[in-house]
Number of protein chains: 2
Amino acid sequence: MEHLELDIKMRILLSAKKLFARQGYDGTSVRQICEEANANIALVSYHFGGKEKVFEALFVNLFPHKDLLDIKDLLQDPVEGMRTMVHGVIKFTIADKELSDIVQQEIMLESNRMKVVLEFVNPMWSKVKQLLEKGKEEGVFHFTSLPQALLMVINLSLAHKKTCLIEKLFPNDELVPDILADQTVEFILRGLGAVKR
Amino acid sequence: MEHLELDIKMRILLSAKKLFARQGYDGTSVRQICEEANANIALVSYHFGGKEKVFEALFVNLFPHKDLLDIKDLLQDPVEGMRTMVHGVIKFTIADKELSDIVQQEIMLESNRMKVVLEFVNPMWSKVKQLLEKGKEEGVFHFTSLPQALLMVINLSLAHKKTCLIEKLFPNDELVPDILADQTVEFILRGLGAVKR
DNA sequence: GTCTATATAAAGATAGAC
DNA sequence: GTCTATCTTTATATAGAC
C-alpha cells in the first residue's frame, strides 16, 4: 500500500522484497505481493512470468552490483582491504535489510534460488577470499583452513543483526549500528590473528 | 521411506525433521511428511493436532536438552568455559545437522515458531552470556557491546557449515569437522581478545 | 489407531474482455 | 497494459467407516 508513485513493475518488486524478507519465499503468495503493491494478480505473470521470475528480477534490479567491487588496490594491504570489505558488506546489510535478510534465508534453506543469489554474492566473497590468501602469504592472517576462514568472515559480516536471537536476554538493550560495524571488523581481524590489541 | 521399525509418531517426527531441514517449514507439506514416514495423512492431525504442533513436538522430543547445561563450574575459567560451550554447540550442529538447520532457518525467518525454538536454545545462550560477562570482568575478554559479542559467538557456533555458500569458490575442497571446531573456537577466543597466539 | 473420502480454503497461473 | 473470472492443483484438516 506504499510507493504508489512508482510504476507497477517496480511496485511489485518492492512489495515482493518486503514480503519475502518478512515471511520467506514459500510463506509469501503472489496474491499477497499484488495486494501490497496495489496491483492486479495477473500482472505478476504478465510482467515477470511467475513468482520465481519475480525473485530473480528482484536481485537483477535491486542488488547493489558494483559498490564493493569497484574499489581498486584492495589487495595492497590485506588488513585495510578486509576492513573496507567487511565494512562495505555490513553497510549493505543495513542499507537494504530486506534484501540481506532474503539472502540469508535462501542460504540457510539451500534452496533452488541459491543459484540466483550466489551469482550476485559470489563476487564479493571472491574478493574476501583473495584478501585472506594474500594476508596469509604476508603472514598477517593466521588460519588453518581457507574455506572455513572465509565462511567465518562471511557469517560475521552478514549475520550481525539477528537480534531476535537474544532479545529475551537483553530486554531493554538495543544495538548501535556504528559500534556494530567497528566491533565486528575488529573481532574478525583479531580472530584472523591480525594483531590489533 | 526409512525407519519403519519405529512407531508412527516418531516416524512422523523424524520425517518432518528431515523435510523441514531440506525444504523449510513452509516449503514442506503434511502430505510429504506422511509419505516420507509411510503414514496416513490423517495421522498428523490425530497424533499431533496439525502441522504447527508437529514442529513443536519435534523440539520437545528431539532437542538434546541437558547435554550442555549440566556442566558445572563452567564459570571458573571463562576461557576454558567458552571453549567447552562452543565445542558443545558445534558438536550438536554436527550430531543433528537437520535440527540445527531448522533452528537457523527459523532464526533467519524470525517466524512465529521462533517462540518454540528460543525456548530450547536460550538456556545455552544464557550460559554463553554469563561467560562473556565473567570474562570481561576478569579482563580476559575485550569487547564494547555485550549483546553484540554474544551474537557473534552464537553465529560462529551455528553457521560454520553452510558450505554451499562457497562451494563455487572451492570446487574440490571439503571441510574437516575436527579442524572446523578447533579453528572456530580459537577464532572466537582471539576475536574476544583472549590472547592465544 | 488407522484408513478412505471429502470438505474447504488457498495456491499459481491464464483466457479473454476491455 | 490491466482487469475479471476461472482453471487446476495443492494445501490443511476432519468425518465417519473399519
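Residues numbered from 1 in each chain as written. Chains lettered and ligands numbered in written order. Predicted model: local features only at pLDDT ≥ 70, side-chain atom pairs only at ≥ 80, totals over all residues. Heavy atoms only, no water.

1. Points about the pattern of salt bridges
Thinking step 1. Tallied over the entire structure, the rule returns 22 salt bridges over all chains.
Thinking step 2. Note that E110 of chain A is salt-bridged to K162 of chain B, the shortest N-O span being 2.9 Å. One end of the pair, E110 of chain A, is in the loop between α6 (97–109) and α7 (114–137); the other, K162 of chain B, is in the loop between α8 (146–158) and α9 (177–191), on a second chain.
Thinking step 3. Each of K97, D101, K161 and K162 of chain A together with E110 of chain B takes part in a single network of salt bridges with overlapping partners. (Salt bridge = Lys/Arg side-chain N within 4 Å of Asp/Glu carboxyl O. Helix = DSSP H or I, 4+ residues; strand = E, 2+ residues; numbered from the N terminus.)

2. Concerning the protein's contact with DNA strand C
Thinking step 1. Taken together, 14 residues lie near DNA strand C, and S29, V30 and K51 of chain A together with N40 and H47 of chain B sit nearest.
Thinking step 2. Sugar plus phosphate, as a fraction of atoms of DNA strand C within 4 Å of the protein: 61%.
Thinking step 3. In this structure, a phosphate oxygen belonging to DNA strand C sits 3.0 Å away from a side-chain N or O atom of K51 of chain A.
Thinking step 4. Between DNA strand C and N40 of chain B, the relevant distance is 3.2 Å, taken from a phosphate oxygen to a side-chain nitrogen or oxygen of the residue.
Thinking step 5. Mapped onto the surface near DNA strand C, the elements with two or more residues apiece are α2 (30–37) and α3 (42–47) of chain A together with α3 (42–47) of chain B.
Thinking step 6. For the surface near DNA strand C, the class distribution of residues is six nonpolar, six polar and two charged. (Near = heavy atom within 4 Å. Polar contact = N/O pair within 3.5 Å; in protein donor to acceptor, adjacent residues only side chain to side chain. Nonpolar A, V, L, I, M, F, W, Y, C, P; charged D, E, K, R; others polar.)

3. As for the protein's contact with DNA strand D
Thinking step 1. Taken together, 14 residues are adjacent to DNA strand D, and N40 and H47 of chain A together with V30, R31 and K51 of chain B come closest.
Thinking step 2. Each atom of DNA strand D within 4 Å of the protein belongs either to a base or to sugar and phosphate, the latter forming 56%.
Thinking step 3. Measuring from a phosphate oxygen of DNA strand D, one finds a side-chain N or O atom of S29 of chain B at 3.4 Å.
Thinking step 4. When contributions to the surface near DNA strand D are tallied by element, the ones reaching two or more residues are α3 of chain A together with α2 (30–37) and α3 of chain B.
Thinking step 5. The leading source of residues in the surface near DNA strand D is α3 of chain A, at four residues.
Thinking step 6. Residues that form the surface near DNA strand D fall into these classes: six nonpolar, six polar and two charged.

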